[in-house]
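Architecture at a glance
Chain by chain, the residues:
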Amino acid sequence: MRSTTLTIGLALGLTLLLAGCSPDDPGAGSTGTATTSSDAGAAATTDGTATTEDGSSTVATGVPMTDEACAGFFQNVPVTLAERSERARAALEDGDVVDPASWAEVNLLKQRVETLVADADGDTASLLERVNAPFEEASAAVLDDPEQSPGDAEITVPEIDVTDSAAAQEELLATCTG
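Just so we're clear, the structure is a prediction, and the values are computed from it rather than from any experiment.

1. Examining the nonpolar core
Membership of the largest hydrophobic core comes to 32 residues, with the highest contact counts inside it found for Phe-73, Leu-92, Leu-128 and Val-157. Of the residues forming this core, the biggest block, seven residues, is contributed by helix α5 (residues 122–143).

2. Notes on the state of the cysteines
Evaluated as defined, the whole model comprises one disulfide. The side chain of Cys-70 participates in a disulfide bridge whose partner is Cys-176; the two sulfur atoms lie 1.9 Å from each other. Between Cys-70 and Cys-176, the S-S torsion sits near -70 degrees, and that sign places the bridge as left-handed. Of the two residues, Cys-70 is situated in helix α2 (residues 68–74) and Cys-176 in helix α6 (residues 163–177); the sequence distance between them amounts to 106 residues. Grouping residues by exposure puts Cys-70 and Cys-176 together as buried.

3. Focus on the packing of aromatic side chains
Taken as a whole and judged by the stated rule, the model has one aromatic pair. Judged by centre distance (5.0 Å) and plane angle (85 degrees), the rings of Phe-73 and Phe-74 are edge-to-face. Judged by its relative accessible area of 0%, Phe-73 falls in the buried class.

Cut-off values and rules
Just so you know, the residues in each chain are numbered from 1, in the order the chain's sequence is written. pLDDT decides what is reported in this predicted model: residues at 70 or higher carry local features, side-chain atom pairs at 80 or more are listed and counted, and totals for whole chains, interfaces and linings draw on all residues regardless. The side-chain figures draw on all heavy atoms in the structure; neither hydrogens nor water molecules are used. The nonpolar core is taken to be a set of buried Ala, Val, Leu, Ile, Met, Phe, Trp, Tyr and Cys residues, with the residues joined through side-chain atoms within 4.5 Å. Each residue is placed in one exposure class: buried if its accessible area under a 1.4 Å probe, protein chains only, is under 20% of its type's maximum, exposed if it is over 50%, and partly exposed if it falls in between. Counting from the N terminus, the helices are the DSSP runs of H or I reaching at least four residues and the strands are the DSSP runs of E reaching at least two. Defined by distance alone, a disulfide is two cysteine sulfur atoms within 2.5 Å. Pairing of aromatic rings covers Phe, Tyr and the six-membered ring of Trp, with a centre-to-centre limit of 6.5 Å; geometry is then stacked below 30 degrees between planes, edge-to-face above 60, and tilted otherwise.

This is the structure in structure tokens:
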């Protein structure tokens, strides 16, 4: 009986040890960089961004982004704020912001974009504000309503127009890459 318990304990311990040594990420063994043929001076990463010799970042289009607000919005990995904005707009448009988790995602996105706005200049700041407008409206709808709380099981967010936000994001991409 004692040797069976010891054997099972040893087997479980060995299993846990081996599981802890294996990579969780399928690409964990790779370096994550490669040289692109179109731009020999840039190292591409697995997320579609690259770093040029002068240290500026580029998007998948290969255009350098030296503006920190642009890089922060379009190149924040593993999921960019641009991608998060698109998903949040779709959720608002479809009426899917109805629980604490979905509202928290929209609220966090709003806060992160506000941080970029504070550091951005001129046109970039105003475009980021337009991108962020529906997320600010959704956040305020919950925080300013005395009848609901972010922790409520059901959250009611009014219908919010997101078309200007999407257009502003396209303009921002053009500004940042052009």
